[in-house]
Amino acid sequence: MKFFSGPPDIRKVFNCQITKSFFKQDASGPKGLFALPFLNWFGIDPEFNHWEIQWSLPEYAWIGPLVAVLVLVSVWFFWTSLSRIGSLNKRLVLMTIRAMALMLMLALLLHPQLELKKSRELKNSVAVLLDNSKSLSIKSAETGGTRISQVQKALQENTAFFEQVKEKFQLDTYFVSDHVQSVELQEGNPSYKAEAERTNFTKVLREVQKRYEGKSLKGVLLFSDGADLGQPDEGISVELLETLTHFEVPIHTFQAGSNEGFKDLGIESLQKGDFGFVHQPVRIKVSLIAHAMGSKQISLILKEGDTVLVSKILKISPDKTRYPVELEFTPHKTGKRLYSLSVPLFAGEAIDVNNSKDFQINVIRDRIRVLHLSGRPSWDSRFLREVLIKNPKVDLLSFFILRTLSDDVAAPTAELSLIPFPSNLLFSEYLSSFDLVIFQNFQFAPFIDKKYLLNIKEFVQNGGAFIMVGGELSFQGGGYKNTPVEDLLPVRFESASKSLLEDEFHPALNKRYKYHPILQLEKDSKTNKSAWTTLPPLNGMNLGLIPESNAHVLATFPKQGEPTLYPLLVAGQKGIGRTLLVATDTLWNWNFRSVGKGGSGRYFQKLWKNIIAWVTRDPETHFIQIETDKEKYRVDDKPLVKYRIRREDYNPDPQKALKLVLASLTSKRILQTHKLVTDDRGEGSFRFRSLPEGFYTIRLEDQEPDSKLLREIGFGVFSDHFEFQKPLVNGSLLKKMASKTGGTYHLLGDNVNLDSIKIPNEAVFFESKSKTFALWDNWWSFGMIVFLLSADWWLRRRAGLS
């Protein structure tokens, strides 16, 4: 396919255009009557309406002058050889025949070809771009109507103009925002609404360029308010300027609306973090805009639900437009918390949607405060301390006992003590400030009064976490039998002749708890099982520990018979707190003895990370998981909820009957209820239909008569008000777009007449079919040469020449 306009290049091609009537059966005149049978003689289809003769010019420049010299010499020879013929007319006839034969032979040497073409004239294109972004819904103070209504009125009043354009051009209409959508231009088009969320002229013009590659676009009519937030307040971006430079088509811009009398108070922007820490201050930065609001005091209010968190009074003045504000509040609950920020709405404002803004912050617990007491330095305590220090979620306070009172040293105690052990403060006043207490091979008696062990028990029952790591100074060896510490651990201490086992062994995992969060070194179950088998052996553990009936015995010594006689890793719960014991002080083998051989060092760190997450009740370790597929939704999204149900031993709970309840967070009204059942893996999902803007809660309940609440989460559906952050009309941008492309700028108002728009309309032809014939490689071209030479011979014989 070829498009062409105007005369072709005649330096190498001799071109002649034949009118269409030349090939018609009813062509009038001798030319038409002669041409049709003439083309049929040579088997040429009469549908072609253009032809070109093409020559193969010599490659070297010196051949042309040589041929010219040879032609002159040949002409001189022809003329002199006819000198004996007395009649001038006979000489001229013979000379003409010889010249024609010479020219025909030279022409055949250039391999002439006849190219026949079938082409038709095409219409040039005109593109009408209608901005349908949300900013066109803003009302004009002068007319009281919206900006988009001005565009619609202009289209209706100029119906005759667009009909004329349709007759001469291919008229294409598009809705434009940050993309291009093809539509039909019709009066009162019901689909033309101000609902797109962003404007990006750079993307729009580049997409228009791409759509018209290989086509003849002669003009663009852009109806918009110019509110492209990607452009600077005064000027034009480098990207848009570059796009306009290469656009090569005039853009005629039509401004909808004006800033005359524009009145608005709104929230322009909000800067916040995606997450915050519970019980820690959260700061947000807000930018307010005020246009034609006069002098007044306004209140900026931050709420969570119906609770006012912060209220701040600001003074608005006529000579200032933007007002930066910083707010600070302290969240007291974890999870996805939903907040609303608002300023008052005054009469006469052009926009009301930017007077409030909803947002979401994921509130997480602060760093886990860990109190770590180690009875003596060891590889096990060293590597555990490294894990705690490297964990970004942990705030560690660690004490190592370097010597005991019974050690024989030749120095006073005051000179050997680095700091006094603050047992009174740690286990009375400050204990509640910790989340986790770890006793690692630690004997309490020389350093902690027994009465403080009761404080530790109460600390766990009220939600704290406690871990005891084995060694000769732990459990019975540390004097913990018949103490509050024994009561809070998930085992009972038994007197035994041998308290320590020094054999080397590989732990045996309890298959009942294979899905327990602590045992998940890898995500995939097969890979996780393989990871445990690659760990190096341990070489020692504490004996005389009898698990309680409700304890989770996760790993044991691989002894034949009853495995619970030798528990290695046991988890349990006391009150609302969690406890765990590790009945060995050789877990460091998994970090030291095989580093670089299968990643056991990584597995050591992963195991302790899992342990800390479980005992501190990390939400990821809960029996019941429910989550949405996004942090927040737009109004056209369909929220997806995924859930997973585990029993108390963390095994899947298949075919579990559940009830999913959707409610409004603000009104507390139940909106939807759905009955669901888990699959064989104890999992499931549900997708809601699109929801209107607002805050919602999802409750997962049992389908029992009492509808026991299992878990609850919240989420928000937000409408993108990006277009209203800078609501003013940007007429300066529209003027520059028109000027850079050679177009014209117009302001929409009363009686807008588009007849003044001049669009060039040069003829454009489309070549749909072509065929080439060789003029030198056929019988009639060589026959013509033979005929001319024969005629020359016959005439010379008649003239009495040889």
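Please read these numbers as outputs of a predicted model, since none were measured by experiment. (Residues numbered from 1 in each chain as written. Predicted model: local features only at pLDDT ≥ 70, side-chain atom pairs only at ≥ 80, totals over all residues. Heavy atoms only, no water.)

(A) Focus on the overall build of the chain. Helix and strand content of the chain: 17 helices and 39 strands. Counting only contacts in the chain whose residues sit at least 6 apart along the sequence, the fraction spanning at least 24 positions is 74%. For the chain, the accessible surface area stands at approximately 42800 Å², while carbon and sulfur atoms represent 53% of it. (Helix = DSSP H or I, 4+ residues; strand = E, 2+ residues; numbered from the N terminus. Contact = heavy atoms within 4.5 Å. Areas by Shrake-Rupley, 256 points an atom, 1.4 Å probe, with all protein chains shown as cover.)

(B) Summary view of the nonpolar core. Ranked by size, the top nonpolar core spans 77 residues in total, and within it F427, F439, F466 and W608 carry the most contacts. Counting residues per element, this core draws most heavily on helix α15 (residues 600–615), at eight residues. (Core = buried A, V, L, I, M, F, W, Y, C linked by side-chain atoms within 4.5 Å. Buried < 20%, exposed > 50% of the residue type's maximum accessible area, 1.4 Å probe, protein only.)

(C) Just the side chain of Q255, in detail. Relative to the helices and strands, Q255 resides in strand β9 (residues 251–255). Among the residues examined, Q255 registers a relative accessible area of 7% and is labelled buried. Within polar-contact distance, the side chain of Q255 engages the backbone oxygen of G257 at 2.9 Å. Leave out the neighbours within four places in its chain, and Q255 touches S224, V729, G731, L734, Y745, H746, L747 and L748. (Polar contact = N/O pair within 3.5 Å; in protein donor to acceptor, adjacent residues only side chain to side chain.)

(D) Inspection of the sheet that holds strand β17 (residues 356–364) at higher detail. Ordered by their spatial adjacency, five strands build an open sheet running β11-β17-β16-β13-β14, and the pairing between neighbours is mixed. The open sheet has two edge strands, β11 (275–277) and β14 (307–316), and neither has a second partner. Going across the sheet, the axis of each strand differs from the next one's by a mean of 30°, ignoring polarity. Bridging between strand β13 (residues 296–304) and β14 involves nine bridges; their strand directions are antiparallel. Counterpart to Q297 in the pairing with β14 is K315. (Pairing = 2+ DSSP bridges. Axes fitted to C-alpha atoms, helices over the stretch in contact; angles between N-to-C directions.)

(E) Inspection of the environment of T159 at higher detail. Mapped onto the elements of the fold, T159 is located in helix α5 (residues 159–168). C-alpha of T159 to C-alpha of L185: the two residues are 26 residues apart in sequence and 9.9 Å apart in space.

(F) Focus on the pattern of salt bridges. Scanning the model with the defined rule gives 23 salt bridges in all. Between R382 and E386 there is a salt bridge; the shortest N-O distance is 3.6 Å. Taken together, the residues R382 and E386, both in helix α8 (residues 379–390) and four residues apart, mark about one turn of the helix. One continuous salt-bridge network, built from bridges that share partners, spans R646, D679, R681 and E683. (Salt bridge = Lys/Arg side-chain N within 4 Å of Asp/Glu carboxyl O.)

(G) Summary view of a positive patch on the surface. A cluster of basic residues, K638, K642, R687 and R689, forms a positive patch at the surface. Topologically, R687 is positioned in strand β35 (residues 683–687). (Patch = residues over 30% accessible without salt bridge, like charges linked within 9 Å, V, L, I, M, F, W, Y side chains within 5 Å. Lys, Arg positive; Asp, Glu negative; His and termini not counted. Charge placed at Lys NZ, Arg CZ, Asp CG, Glu CD.)

(H) Molecular detail of the packing of aromatic side chains. Throughout the structure, instances matching the rule amount to 23 aromatic pairs. Grouped by ring-pair contacts, the aromatic residues F427, F439, F442, F444, F447, F466 and Y480 constitute a single cluster. Here the basic side chain of K215 rests over the ring of Y212, its NZ or CZ set 6.0 Å away from the ring centre. Seen from the ring of Y515, R646 lies directly overhead, with NZ or CZ sitting 5.9 Å from the centre. (Phe/Tyr/Trp six-rings, centres within 6.5 Å; stacked < 30°, edge-to-face > 60°. Lys NZ or Arg CZ within 6 Å of the ring centre and 35° of its normal.)

(I) Structural detail: unusual backbone geometry. One non-glycine residue, F475, adopts positive backbone phi at about 55°. If you trace the backbone, F475 turns up in the loop between β21 (465–469) and α12 (484–488).

(J) Highlighting the sheet that holds β35. Spatially, the three strands line up as an open sheet ordered β30-β32-β35, and their pairing is antiparallel. Edge positions in the sheet fall to β30 (624–628) and β35, since each has one partner strand and no second. Adjacent strand axes in the sheet meet at a mean angle of 15° when their direction is disregarded. In terms of strand pairing, strand β32 (residues 640–645) meets β35 through five bridges, oriented antiparallel. Bridging across to β35, R644 finds its partner in E683.

(K) Local environment of the packing of helix α3 (residues 88–109) against helix α17 (residues 779–798). Closest axis-to-axis distance for the α3/α17 pair is 9 Å, and the angle between their directions is 155°. The orientation of α3 relative to α17 falls into the category roughly antiparallel. Crossing hand, α3 versus α17: left-handed. Of α17, the residues touching α3 (which contributes V93, L94, I97, R98, M100, A101, L104, M105 and L108) are S781, F782, M784, I785, L788, L789, A791, D792, L795 and R796. When grouped by side-chain class, the residues that make up the contact of α3 with α17 number 15 nonpolar, one polar and three charged. (Parallel < 35°, antiparallel > 145°, perpendicular 65-115°, else oblique. Left-handed = near helix turned anticlockwise from the far one by under 90°. Nonpolar A, V, L, I, M, F, W, Y, C, P; charged D, E, K, R; others polar.)

(L) Quick peek at the pairing of strand β18 (residues 368–374). The buried fraction of β18 is high, at six of seven residues. Direction of pairing for β18 relative to strand β19 (residues 394–400): parallel, over a ladder of seven bridges. Bridge pairing links V370 to L396 in β19. The β-α-β motif built from β18, the intervening α8 and the parallel element β19 has right-handed crossover chirality. Two strands pair when backbone bridges link them, and β18 and strand β20 (residues 436–440) are joined in this way by five bridges, in the parallel orientation. Paired with L371 across the two strands is V437, which belongs to β20. (Right-handed = clockwise from strand over helix to strand, strands pointing away.)

(M) Examining helix α6 (residues 201–211) more closely. Looking only at α6, the buried set comprises F201, T202, V204, L205 and V208. Down the axis of α6, the sector holding all buried residues measures 165°, keeping them to one side. A distance of 3.2 Å separates the backbone nitrogen of T202 from a side-chain oxygen at the start of α6, and that oxygen is part of N200. (Arc of directions from axis to C-beta.)

(N) Focus on helix α7 (residues 238–245). What α7 keeps buried is the set L240, T243 and L244. Along α7, the residues classed as buried sweep out an arc of 100° about the axis, all on the same side. The outward face of α7, more than 90 degrees from its buried face, is lined by the exposed residues V238 and T245. In this structure, the buried residues of α7 make contact with α6, β9 and α16 (731–741).

(O) A look at the packing of α7 against α16. For the pair α7 and α16, the least separation of the axes is 9 Å and the interaxial angle reads 35°. Along this stretch, α7 crosses α16, giving a crossing that reads as right-handed. Note on element contacts: α16 touches α7 through L733, M737, K740 and T741, opposite L240, L241 and L244. Of the residues that constitute the contact of α7 with α16, the class distribution is five nonpolar, one polar and one charged.

(P) Representation of the environment of N482. Tracing the backbone shows N482 in the loop between β21 and α12. Considered as a pair, N482 and F493 are 11 residues apart in the sequence and their alpha carbons are 8.3 Å apart.

(Q) How the structure looks around the confidence of the model for the chain. Summing up the model confidence of the chain, the mean pLDDT is 83 and the portion of residues at 70 or higher is 85%. The low-confidence segment residues 1–36, where pLDDT is below 50, has 50 contacts with residues more than four positions distant or belonging to other chains. (pLDDT = per-residue confidence, 0-100.)

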